[in-house]
There are 2 protein chains.
Amino acid sequence: VARPRLYPVILAGGRGTRFWPRSRKRLAKQVLALTGERTMIQETVARLAPLAPARNFWVITNGALRSVIARQLGKLPRTQILAEPAARNTAPAIGLAAFILERTDPSAVLGLFPADHVISNAKRFRATVARAAAIAAAGENIVVMGLKPTRPETGYGYVEVGARRKGVLGVKRFTEKPDRRKAARFLATGRYYWNAGMFLWSARTLANALREHLPATARHLETIAAAWGAPRFASVYRRLYPKCENISVDYAVLERRSRKGERRSKIYCIPAEFGWSDLGSWAALHEHHARAGVRANVFDAASGLALEAHGNYIHAPGKFVAAVGVEDLVVVETRDALLVTTRGRSQDVGKLVKELERRKLHRLL
Amino acid sequence: VARPRLYPVILAGGRGTRFWPRSRKRLAKQVLALTGERTMIQETVARLAPLAPARNFWVITNGALRSVIARQLGKLPRTQILAEPAARNTAPAIGLAAFILERTDPSAVLGLFPADHVISNAKRFRATVARAAAIAAAGENIVVMGLKPTRPETGYGYVEVGARRKGVLGVKRFTEKPDRRKAARFLATGRYYWNAGMFLWSARTLANALREHLPATARHLETIAAAWGAPRFASVYRRLYPKCENISVDYAVLERRSRKGERRSKIYCIPAEFGWSDLGSWAALHEHHARAGVRANVFDAASGLALEAHGNYIHAPGKFVAAVGVEDLVVVETRDALLVTTRGRSQDVGKLVKELERRKLHRLL
C-alpha cells in the first residue's frame, strides 16, 4: 500500500484567554512557549513534520496572529497560512482547504489538528496519525482520534463507539459537552472516548460531505477555491468567506453523518494514547511541569526558594522567586500585569478577561 | 520657661529584612517609601522639623546606607550623618552625640528616635515630644515615651510605671520582650507601657549616665568627641568606636538606673497616643493602608481588579494587578525578585532572608 499523501491543517484561530496575562489577542496561547523552548504551534508542526513535507501544511488563523505565526513557522509556505476574514469555526476553515486540494489531489488526506495541544509521546502520536491516514485514504472513510477519558470531564465532546471493524472502532454517536452525571455514565460504560478535534479524511470525502450537509457554504468555498493561486483570491476570500455558516465540522458533518448509522456513516474512531492534554488552564500547565506530583512547586523563573510552600505555579521570567507558607497558588507576571489566583480557580481567568473586555481595558487584552 | 534646645538623634542603622524583597542591605526599610511619597526617614525628619532646626539633627547609620540617607535628607548637615565603623547598638550611637554636644551645649536635650516608625498624628506627636523635652531639660531627668499596649505583644520591651508625679508617671522597671503569659498579665494590670525606643535627656545627663554605667565605652566616646570638627575625627572614630561595648541604651543605662528605685532614678514615662506603629512586616503595612479593614485588598500598582479576592496586599509598581479567588496573600514584586506569602506568615520573611544569607545569594541581600 502506498503511503497516503498527508496534508496537516493546523487550526490556530483561538485566543486561549485562560493563559492571561501571558496570552493576549496578538499573542494567543498557540504562539506562546508554555511547555519549553518552542511555541505550541511550533511544537505541533515539529511533531507532524516527519509525516508530511513543509509544502503540505496549512494553517488557518486570524488577522491578529497571522504575522507572528508566519514568523514562527518560517519553513511553511506563507500563502498556506490563511487569516480568516471573519471567524467561522472549523467547518469553513478545513472546508476551504478540502475544496482547494480536491482540485489538484482529490485523494489527498487532510488531517485536522489544533495548534495548542500538548502531546508527550510524539512517536506514538505519529504512528497513530499514520494509521488513521491510511484508513482515511480508502473510500469515503472519516477517522476520529479518540482519547481514553480519565475523568467525567464536562468540557469536551464524547464519541460513542460500536463494533470493532478492520482493527478500528465504528462510531455510533457524537455528544457535545455532557453534564457531569452523563459524563460519569459515559466513563463507566467504557464505550466512550473524548473527541479531541483531530479528524482525518480525504479531500474528496470532506468536500462531498460538505456539499451534502452544508450546501450553501460549500458553494461559497468552491468559488473561493477556484480563485486559489490567482491574484483575485484575496478579494474573493474576503468577500465570500464571511458568508459561510459559522459552524463546527463536528456539528455540521460528523453528527449529521453519524445519524446514518454506524455502518453507513463510515466514521471510525482510533483509540489514541500518546500523553494528550489540551492544556486548558494554568492548573493544567502546573500539572504538566510538576513531575514530582501536585505538591511540587513549579517556578518558571531564574531561580527560587520555597519555605513550607507546596503545589504553587509561579511564572516570573528572569527573577528570583520566594514562596513562604503558601499552597496551590498561581502567580503569573508579565511586563505589564500580575495575576494572582489559585490552581482551583484558574478556570476563572477566562471570566477575568471577559471583565477586562467589559471595562474596555484594550491594552491588557 | 525657655523652650529647650532639642537635638533629634535619628537611629537609622537597621535593615528591616522583613520588607524583603524591597528592603536590601543598601536599601533598608528606613530609606523606602512604604507609606507614601516620602521615605520612612524623610517622614521621621519632617515630623520633627517644626521642633528643631536642620542643623540640630543627627543621624546614626551604617556605611551601606549613609550616602542614600544623605541624598534623601539633603537639608541636614552631612557631617552629622554618621556611619558607624562597626554596628554597636544604641548606647554608643546616642552616646557619641551626647559627648559631642556636652562640650558645646551641656543642657541641650537629645531625643532618640527610630527612623522607621509610622506615626499617624504628627501634631500630637510633636506636642508629646515638646512636653518630654521640657521635662528632660530639667535636672537629671530621663523621659521615656510610653505607648499604650493594645495586645500582648512579645516582641517589644515594657515599661512598668508607678506614681504620677508632676503630671508624668514614675518608672519602676523595664522588662525586655516578655513571654506571652507575662505580656498578657502586663496588659491586664494597666500599669505597663510599650517602650518604643524613644528617649529624651540632656546631653549632660546622658553623658554622666554613661560614665557611671558604661565607663570604658564612655572614655572611648569622650576621646572621639574631643576630635569632633578636627581633621583627625574620621580616623579616631574608625579606630575607637569599634572598641565600644555593643549594647543598647535601654539595657546599659535605663534598666541599670531604674534599679535605684522609682524616685532616685528620675526616669519618667510620658504616655503617648499618636497612632504609632513600628510597621514590622508586610501584614502591618497592609493594615496601615487598608482603611476599609482587613478584608480590603491593597494594590500598590498602576491599577487592579479583584474577583472574589479579599485582604490581599500586592505590590507591583506600574503593573495591572488581577486577583481571583485569593485571600490574605502578600505578593511583592521588584526588578529582580518576587515574594509570595500570606499576611499571617509575613513575619517569616526575616527567616527567608537568613536563608538567602546562608546560601550566599549576595545580589538578593
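Owing to the predicted nature of the structure, the values given are computational and were not obtained by experimental measurement. (Residues numbered from 1 in each chain as written. Chains lettered and ligands numbered in written order. Predicted model: local features only at pLDDT ≥ 70, side-chain atom pairs only at ≥ 80, totals over all residues. Heavy atoms only, no water.)

Trainee: Any chance you could break down the overall build of chain A for me, citing the residues and the numbers?
Mentor: Per the secondary structure count, chain A includes 12 helices and 15 strands. For 365 residues, the compact-globule estimate of 2.2 N^0.38 gives 21 Å, and chain A sits close to it at 21 Å. If you line up chain A on its principal axes, its C-alpha atoms span 60 × 50 × 40 Å. Within the structure as shown, chain A displays about 15600 Å² of accessible surface, and the carbon and sulfur contribution to it stands at 49%. Between the centroid of the 61 positive side chains of chain A and the centroid of its 29 negative side chains there is a distance of 5 Å. (Helix = DSSP H or I, 4+ residues; strand = E, 2+ residues; numbered from the N terminus. Rg over C-alpha atoms; globule rule 2.2 N^0.38 Å. Areas by Shrake-Rupley, 256 points an atom, 1.4 Å probe, with all protein chains shown as cover. Lys, Arg positive; Asp, Glu negative; His and termini not counted. Charge placed at Lys NZ, Arg CZ, Asp CG, Glu CD.)

Trainee: Tell me about the relation of the copies chain B and chain A, and please be specific about residues and values.
Mentor: Laying chain B over chain A is done by rotating through 180° and shifting 0.0 Å along the axis; what remains is an RMSD of 0.1 Å. What we have between these two chains is a two-fold relation. (Least-squares fit on C-alpha atoms with pLDDT ≥ 70 in both.)

Trainee: Tell me about the interface of chain B and chain A, and please be specific about residues and values.
Mentor: It is common to report an interface's size as the accessible area lost on association of the parts. Between chain B and chain A, the contact holds 37 residues from the first and 37 residues from the second. When the two sides are added together, the surface that chain B and chain A hide from each other amounts to roughly 2900 Å², 68% of it contributed by carbon and sulfur. The interface formed by chain B and chain A contains four salt bridges. Put simply, chain B and chain A have 18 residue pairs in polar contact (both at pLDDT 80 or more) between them. Sorting the residues of the side of chain B that touches chain A by element identifies β12 (298-307), β13 (313-324), β14 (329-333), β15 (337-342) and α12 (349-358) of chain B as the ones contributing at least two each. Counting residues per element, the side of chain B that touches chain A draws most heavily on β13(B), at eight residues. Here the side of chain B that touches chain A is composed, by residue class, of 21 nonpolar, six polar and 10 charged. Looking at chain direction, strand β15 (residues 337-342) of chain A and β13(B) are connected through four bridges and run parallel. Across the sheet, residue Leu338(A) finds its bridge partner in β13(B), namely Val321(B). (Contact = heavy atoms within 4.5 Å. Buried area = accessible area lost by both parts, 1.4 Å probe. Salt bridge = Lys/Arg side-chain N within 4 Å of Asp/Glu carboxyl O. Polar contact = N/O pair within 3.5 Å; in protein donor to acceptor, adjacent residues only side chain to side chain. Nonpolar A, V, L, I, M, F, W, Y, C, P; charged D, E, K, R; others polar. Pairing = 2+ DSSP bridges.)

Trainee: Describe the packing of aromatic side chains, and please don't skip the residues or the numbers.
Mentor: In total, this model carries 30 aromatic pairs over all chains according to the counting rule given. Seen in terms of ring centroids, Phe320(A) and Trp20(B) are 6.1 Å apart; in terms of plane orientation they differ by 85°. Their pairing is edge-to-face. Here Trp20(B) lies in the loop between β1 (6-11) and α1 (40-48) and Phe320(A) lies in strand β13 (residues 313-324), a pairing that spans two chains. Judged by relative accessible area, Phe320(A) falls into the buried class, the value being 3%. For the pair Phe233(B) and Tyr237(B), a centre-to-centre distance of 5.3 Å together with 25° between the ring planes defines the contact as stacked. (Phe/Tyr/Trp six-rings, centres within 6.5 Å; stacked < 30°, edge-to-face > 60°. Buried < 20%, exposed > 50% of the residue type's maximum accessible area, 1.4 Å probe, protein only.)

Trainee: Please give an account of the pattern of salt bridges that cites residues and values.
Mentor: Inspection of every chain in the model, using the stated rule, returns 44 salt bridges over all chains. Salt-bridge contacts for Glu160(B) lead to Arg173(B); the nearest nitrogen and oxygen are separated by 3.1 Å. Taken together, the positions of Glu160(B) in strand β7 (residues 157-165) and Arg173(B) in strand β8 (residues 168-175) put the pair 13 residues apart, joining distant regions of the chain. Looking at Glu160(B), the relative accessible area reads 8%, which means it is buried. One salt bridge connects Lys260(B) with Glu212(B), and the closest N-O pair in it is separated by 2.9 Å. A residue pair is termed long-range when its members are at least 10 positions apart, and Lys260(B) in the loop between α9 (249-258) and α10 (262-265) and Glu212(B) in helix α6 (residues 203-213) qualify at 48 residues. For Lys260(B), a relative accessible area of 32% translates into the label partly exposed. The exposure class assigned to Glu212(B) is partly exposed, which follows from its relative accessible area of 47%. One network of salt bridges, with partners in common, ties together Glu308(A), Arg345(B), Asp348(B) and Lys351(B).

Trainee: Kindly report on the packing of helix α3 (residues 90-104) of chain B against helix α7 (residues 215-226) of chain B, identifying the contributing residues and their values.
Mentor: Think of two packed helices as two axes; the pair is described by the angle between the axes and how far apart they sit. Residues and elements named next belong to chain B. At a closest axis distance of 9 Å, the pairing of α3 and α7 adopts a crossing angle of 50°. One way to sum up the angle between α3 and α7 is to call them oblique. The handedness of the crossing between α3 and α7 is right-handed. Here α3 contributes Pro92, Gly95, Leu96, Phe99, Ile100 and Arg103 to the contact with α7, which in turn contributes Thr217, Ala218, Leu221, Glu222, Ile224, Ala225 and Ala226. Split into classes, the residues belonging to the contact of α3 with α7 amount to nine nonpolar, two polar and two charged. (Axes fitted to C-alpha atoms, helices over the stretch in contact; angles between N-to-C directions. Parallel < 35°, antiparallel > 145°, perpendicular 65-115°, else oblique. Left-handed = near helix turned anticlockwise from the far one by under 90°.)

Trainee: Give me the lowdown on the pairing of strand β9 (residues 192-202) of chain A, citing residues and values where you can.
Mentor: Residues and elements named next belong to chain A. Summarising burial for β9: 11 of the 11 residues are buried, a large majority. Direction of pairing for strand β4 (residues 109-114) relative to β9: antiparallel, over a ladder of four bridges. Directly across from Val109, in β9, lies its bridge partner Ser202. As defined by bridge partners, strand β6 (residues 142-147) adjoins β9 across five bridges and the pair is classed as antiparallel. Across the sheet, Val144 pairs through a bridge with Phe199, a residue of β9. Inspection of the sheet shows strand β7 (residues 157-165) paired to β9 by four bridges, in the antiparallel sense. Across the sheet, the residue bridging to Tyr158 is Trp194, located in β9.

Trainee: Run through unusual backbone geometry, naming residues and quoting values.
Mentor: The omega torsion across Trp20(A) and Pro21(A) is 5°, close enough to zero to call that bond cis. Notably, Lys360(A) is not glycine yet its phi reads approximately 55°, a positive angle. Summarising the element assignment, Lys360(A) is placed in the segment after α12 (349-358). The exposure class of Lys360(A) is exposed, given its relative accessible area of 59%. The backbone of Lys266(B) shows a phi angle near 55°, a positive value even though the residue is not glycine. Residue position: Lys266(B) is located in the loop between α10 and β10 (267-272).

Trainee: Explain the environment of Arg38(B) to me, using residue names and the numbers behind them.
Mentor: Residue and element names in this part refer to chain B. Structurally, Arg38 is set in the loop between β1 and α1. What makes Arg38 partly exposed here is its relative accessible area of 41%. Taking C-alpha positions, Arg38 is 9.1 Å from Gln72, a pair spaced 34 residues apart along the chain. Once you skip the residues sitting within four places of it in the chain, Arg38 turns out to touch Leu32, Ala33, Glu43 and Ala46.

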